[in-house]
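Residue strings, one per chain:
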Amino acid sequence: MMASAVQRNEVFGFVRPYVDAHTLGVATVEHLLRDCGYRTVMADARICEAVGRPSRLDNVAILERWIKEQGISRLGFSYRLDPAEGVELFGRLVDRLRSRRLLDAQGGPLRGLYFAGLPSACDAVRREHGDWVGVFVGDETPVETLNKLGIPPHLVPNEISQHAAYDDTRLTFGRDLVKAGRHLAVGPVDRSGYPEFGTASDTLAARVAHGKERGLPPIMRAHVGPYEPNRARAVQSFLDWTQQLAAAGFLDVLSIGTSQLTQSDFGKDWGDKPNGGGVPINSEGEFRAVWQVARPMLVRTYAGTRNIPALARMYEETIHIAWHALSFWWFCLIDGRGPHTVQENLREHVETLRVIAETGKPFEPNIPHHFAFRGADDVTYIVSAVLAARTAKRLGVRRLVLQTMLNTPKYTWGIQDLAKVRALLALARELVDEQFTVYLQPRAGLDYFSPDLDKAKAQLAAVTALMDDIEPNDPTSPQIIHVVSYSEASHLADPAVVNESVQITRAALDEYRRLRAGGEVEDMARNREVARRKKHLLTEARAVIEEIEASIPDPYSPEGLYRIFWAGFLPVPYLWEGREEFRHALAWRTQPVDGGVAVVDEQGKPIQARARAKVAADFARSQTSSTAE
C-alpha cells in the first residue's frame, strides 16, 4: 500500500526511543518542513520513553493520545543505534499502531510512516513494510529529503531550491565524472625535484613550496589503518599496506590511524586490554619501520592522550612527523578518548605546542569539528580554531595546517560551508607575517558519504569541487587535501580504495577547474549569498573573540582556554561527559538554520553572538579561576 499524497494542512510528528540521542538529523528535517509551511511536533521525553517500549499497552495509549491531540498525520521514527533493534522496535510500533486502528487504511489519522536508520536497518524495513514506509539512510540532500517525504515541489521555498541547486549541480558533476571513468586515467605526481625529497630532512613546507613552483596538484593526505585483532599481524598488515601505497605513488602524506591503546598506553604491556580499531603500534622500532617502508611519502600520526609532549618528540625522532595535530579540549575524559581532565589536557597540549615550536614543524588544530559533533554552532566552529591558532603563534609555532571539515553536520549547505571556511581563513590569515604561514587543508565530513559506493564516489568528486570553490581564483589553493576514502560509510579503505579516492579527487579538481574556466559552472568567488554569509559569520566570530579577550585574563594560556569553555563561550549542547562542570556550555540550544547551525532561543530564533557571549562573559567574571576548577 502506497502512502497518500501530502496535503497542505498535514502535521508531521517525530519520535525516537529515549536511548537514542541522535537528534540533529531529525531537527534538520523538522526545520526543512517548517520552511515549507508545515507544522511539526517533536516528541518529548515521555513520548520517546513510551515509543521505546511499545509492548506495554499504557505506552501505546500514551502515543495514541499524543498523535490525536497534536493532529499528527505523518509519523517519523528515527533509530540510529543497533540495526536489528531498530527494525524490531519499528515493527512492534507498526503492529501497535495497526492494533489501535490508527492507520489511514483503517480509518485512522496516520496517512504515512517514515523510518530513519542505519543502511542495513533501512533495507530490512523496506523488505518488511514495502513502499508505504519511506526510509532515510541519512545520505539524502535537502531536496531529496523533501521529495521522499512527499512534499509538493511548489511548496518548497525558492531559497531552499536555489541554494540546493549548487549542491545538486556538484553531485551531478560527480556522478558524470565517475560514470565516465575519467579518474582512472589519473597517474601519480612526480614531486622529486627538490633535494630533501623523501629523506629524513623532508618537510611539508618544502613539498608545498616545490609544488607551488612547479604548478603541481595539492598535497594528498589520507588516513590509513587496517583492523586485525592480532597485534603482530595488524602491524605487519599496515607495513604491507604502506609499502603498496608508497609504490603506487598517489599518496603524498600517510596519516597513521593508530589505535586507542597506542595513543593512551604507548610502550606499556597491554596484556588483554581491548585494542579497538586502528594500528596497534607499541614501540619506537615499529614507528621507524613505518617510516622506512613509506619512502618517499611524508608521515604523520595522531597525538597521544597522555605524555603528549614526550610522544611528540618521539614522533619527530622515528617518523620525522610531517606535522602535529592537537585537539586542546578534546581527546580526554569528556569524550572518553583519554585519561586527562580538560585542564590537564590543555596544559599538556600547550607544553606540546612549545615542543612543536622548537622543531619548526606545522601544527594542525584538530578541534572545530569536535565541537560540531556535539551540536556547536558555526560561529563556535570558527572561534575554536582561531583560539587555537592564536595560542600556537604566541608560543612560537610558525606554520599552521588549517583543517576544515566540510559537510559537518552533513546537512550543511554548500554555500554555508564556503562562507564558514572563508570566514575562518580570513581570521587565521590575520596572523600571517614573515614568521607565520597558513596552509589550507579541507576534507569531507566523517558521516557525509553514502554506503552506496557509486554514490559515495560521486560525493567525493562533489566535495572536491566544493573545496576548489573556497578560493576559486587561486590555483595554489588548497595547499593540502585530506582525502577521505569513498568507502568511509561501508568498510575500511585498503590501498586500492585509497589510491582510487586520490584519483577521483585529482580528476574532479582538474575537470571542475576546466569547467569553471569555460564558464560552464558558476564562479563562486562572485556569489553574493556566500559573501553575505561570510560577512555575517566574521562579524559574529569577532564579537565572541572580543568578549573573550575582554573578560578572560590571559585567554591563550591553559587556564584561559579552560575558562573560555567553562564559562559557555563555546556551546556544546550534546556533550555527554562533564555535563555539570561545563553546564554553561551545555545551556545553549542550537538548531539548523538556513543551511547552517545557529544558537537559538526557545522560539527557535537565532541569538546574536554578542548577546550570548556577554552572558558567558558574566559567568567568567563572576567566578575566580580557583572556584571554576
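Everything here concerns the structure above.
Described below are features of the structure shown in this document.

Conventions and cut-offs
- Residues numbered from 1 in each chain as written.
- Predicted model: local features only at pLDDT ≥ 70, side-chain atom pairs only at ≥ 80, totals over all residues.
- Heavy atoms only, no water.
- Helix = DSSP H or I, 4+ residues; strand = E, 2+ residues; numbered from the N terminus.
- Rg over C-alpha atoms; globule rule 2.2 N^0.38 Å.
- Contact = heavy atoms within 4.5 Å.
- Buried < 20%, exposed > 50% of the residue type's maximum accessible area, 1.4 Å probe, protein only.
- Pairing = 2+ DSSP bridges.
- Right-handed = clockwise from strand over helix to strand, strands pointing away.
- Arc of directions from axis to C-beta.
- Axes fitted to C-alpha atoms, helices over the stretch in contact; angles between N-to-C directions.
- Parallel < 35°, antiparallel > 145°, perpendicular 65-115°, else oblique.
- Nonpolar A, V, L, I, M, F, W, Y, C, P; charged D, E, K, R; others polar.
- Core = buried A, V, L, I, M, F, W, Y, C linked by side-chain atoms within 4.5 Å.
- Phe/Tyr/Trp six-rings, centres within 6.5 Å; stacked < 30°, edge-to-face > 60°.
- Lys NZ or Arg CZ within 6 Å of the ring centre and 35° of its normal.
- Left-handed = near helix turned anticlockwise from the far one by under 90°.

### Brief notes about the overall build of the chain
A tally of regular secondary structure across the chain gives 23 helices and 15 strands. Taken over the C-alpha trace, the chain has a radius of gyration of 25 Å; the compact-globule value for 629 residues is 25 Å, and the two agree within 12%. The dimensions of the chain, computed from C-alpha atoms along their principal axes, are 80 × 65 × 55 Å. Counted over contacts in the chain with a minimum sequence separation of 6, partners at least 24 positions apart contribute 72%.

### Topic: the pairing of strand β7 (residues 253-256)
Every second residue of β7 is oriented toward a common face, with Val253 and Ser255 on one face and Leu254 and Ile256 on the other, all of them buried. By the bridge criterion, four bridges tie strand β6 (residues 219-224) to β7 in an arrangement that is parallel. Across the sheet, residue Ala222 finds its bridge partner in β7, namely Leu254. With respect to chirality, the unit in which β6 leads through helix α9 (residues 231-248) into the neighbouring parallel β7 is right-handed. Summarising the sheet, β7 and strand β8 (residues 298-301) pair through four bridges and their orientation is parallel. Bridge pairing in β8 links Ile256 to Thr301.

### Remarks on helix α5 (residues 119-129)
For α5, every residue scored as buried is listed here: Ala121, Cys122, Ala124, Val125 and His129. Relative to the axis of α5, the buried residues are bounded by an arc of 160 degrees and lie together on one face. As for α5, its buried residues are in contact with α4 (83-99), β4 (112-117) and β5 (133-136).

### With respect to the packing of helix α7 (residues 158-180) against helix α16 (residues 414-429)
Helix packing for two helices is described by the angle between their axes and how far apart those axes are. One can describe the packing of α7 onto α16 by two numbers: an axis separation of 7 Å at closest approach and a directional angle of 95 degrees. When the axes of α7 and α16 are compared, the pair comes out roughly perpendicular. Every residue of α16 that contacts α7 at His163, Tyr166, Asp167 and Arg170 is listed here: Gly414, Ile415 and Leu418. Each residue belonging to the contact of α7 with α16 can be placed in one class, and the counts come to three nonpolar, two polar and two charged.

### So, the nonpolar core
If you look at the biggest cluster of nonpolar residues, it comprises 154 residues, and the most contacted ones within it are Ile151, Phe328, Trp329, Phe363, Phe565 and Phe569. Looking at this core, the element that brings in the most residues is helix α15 (residues 378-394), giving 10 residues. What Phe565 contacts, discounting residues up to four positions off in sequence, is Trp329, Trp330, Ile334, Val342, Phe371, Leu570, Val572, Phe582 and Ala585. In this structure, Val11, Ile47, Leu75 and Val137 belong to the second largest nonpolar core, which totals 35 residues.

### Considerations on the packing of aromatic side chains
Each aromatic ring pair is summarised here by two numbers: the centre-to-centre distance and the angle between the ring planes. This structure, assessed with the given rule, holds 21 aromatic pairs. Judged by centre distance (5.7 Å) and plane angle (80 degrees), the rings of Phe371 and Phe565 are edge-to-face. A residue pair is termed long-range when its members are at least 10 positions apart, and Phe371 in helix α14 (residues 368-373) and Phe565 in helix α20 (residues 558-567) qualify at 194 residues. Neither Phe371 nor Phe565 differs from the other in exposure class; each is buried. Sitting over the ring of Tyr166, Arg170 keeps its end group 4.7 Å from the ring centre.

### Points about the packing of α15 against α16
Contact geometry of α15 with α16 gives a least axis separation of 10 Å together with a crossing angle of 25 degrees. By the angle class used here, α15 and α16 are roughly parallel. For the pair α15 and α16, the sense of crossing is right-handed. When α15 is examined against α16, the residues Asp378, Tyr381, Ile382, Ala385 and Val386 are found in contact with a partner set consisting of Gln416, Lys420, Ala423, Leu424 and Leu427.

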